[in-house]
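Below, each chain spelled out in residue letters.
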Amino acid sequence: MAIDDEGGRCVSTDVAAGIPPAVALFRSLADETRLRIVQRLARGEARVVDLTGELGLAQSTVSKHLACLRDCGLIDYRAEGRQSFYALTRPELMDLLDSAERLLGATGHVVALRPGRDADERSAQAAGRPSRQGMTP
């Protein structure tokens, strides 16, 4: 999935061209900015202004990536007055990120994809030892 520079929405030409939805899902998460947004929203809802400040990105960039993630069905927003609060819609996404952490750890690349995990816990997971925290998002 690519971002349409004019509309800021995900272009689903891949799916229309016969590319499986799973490929489109992983392409949506393959972008570093979208993955950072997902990681931030895993900690709780946020406004565009929160995301721009925390991620150090332009408002237009954040808005385009939010539109893409929304188009993919991974996030949504709720309006409160003139503000929009974005949040993850699929808790299964945390399971996917947890699995990706374990897979990358098993291949020697200890990474933090889910918030709330420290380096010791990621190293323990990579070594196959049980974590202290369990599976909390």
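Residues numbered from 1 in each chain as written. Predicted model: local features only at pLDDT ≥ 70, side-chain atom pairs only at ≥ 80, totals over all residues. Heavy atoms only, no water.

## Comments concerning the packing of helix α3 (residues 32-41) against helix α5 (residues 59-71)
Relative to each other, α3 and α5 sit at 75°, their axes nearing to 10 Å. Regarding the angle of α3 to α5, the classification is roughly perpendicular. Here Thr33, Arg34, Ile37, Val38 and Leu41 of α3 lie close against α5, whose contacting residues are Val62, His65, Leu66, Cys68 and Leu69. Class assignment of the residues belonging to the contact of α3 with α5 gives a composition of 7 nonpolar, 2 polar and 1 charged. (Axes fitted to C-alpha atoms, helices over the stretch in contact; angles between N-to-C directions. Helix = DSSP H or I, 4+ residues; strand = E, 2+ residues; numbered from the N terminus. Parallel < 35°, antiparallel > 145°, perpendicular 65-115°, else oblique. Contact = heavy atoms within 4.5 Å. Nonpolar A, V, L, I, M, F, W, Y, C, P; charged D, E, K, R; others polar.)

## Here we look at α3
Buried residues dominate α3, accounting for 8 of its 10 residues. At the N-terminal boundary of α3, the capping side chain belongs to Asp31, with an oxygen 2.9 Å from the backbone nitrogen of Thr33. (Buried < 20%, exposed > 50% of the residue type's maximum accessible area, 1.4 Å probe, protein only. Polar contact = N/O pair within 3.5 Å; in protein donor to acceptor, adjacent residues only side chain to side chain.)

## Side note on the environment of Leu51
Positionally, Leu51 belongs in helix α4 (residues 48-55). Along the backbone, Leu51 and Tyr86 are 35 residues apart, and their C-alpha atoms lie at a distance of 9.7 Å.

## Considerations on the nonpolar core
Buried together is how nonpolar side chains tend to be arranged in soluble globular proteins. Within the largest apolar cluster, 20 residues are counted, with the highest numbers of intra-cluster contacts made by Ile37, Leu41, Leu51, Leu66 and Ile75. Looking at this core, the elements that each hand over two or more residues are α3, α4, α5 and α6 (92-106). The leading source of residues in this core is α3, at 4 residues. If we skip the residues at most four places from it in the chain, Ile37 touches Leu51, Leu55, Val62, His65, Leu66 and Leu69. (Core = buried A, V, L, I, M, F, W, Y, C linked by side-chain atoms within 4.5 Å.)

## Points about helix α2 (residues 21-30)
Within α2 the residues assigned to the buried category are Ala24, Ser28 and Leu29. Relative to the axis of α2, the buried residues are bounded by an arc of 135° and lie together on one face. (Arc of directions from axis to C-beta.)

## Comments concerning the environment of Leu97
Among the structural elements, Leu97 can be located in helix α6. With a relative accessible area of 4%, Leu97 lands in the buried category. In sequence terms Leu97 and Gln39 are 58 residues apart; their C-alpha atoms lie 9.0 Å from each other. Leu97 has contacts with Leu35, Val38, Leu113 and Arg114, leaving out every residue within four places of it along the chain.

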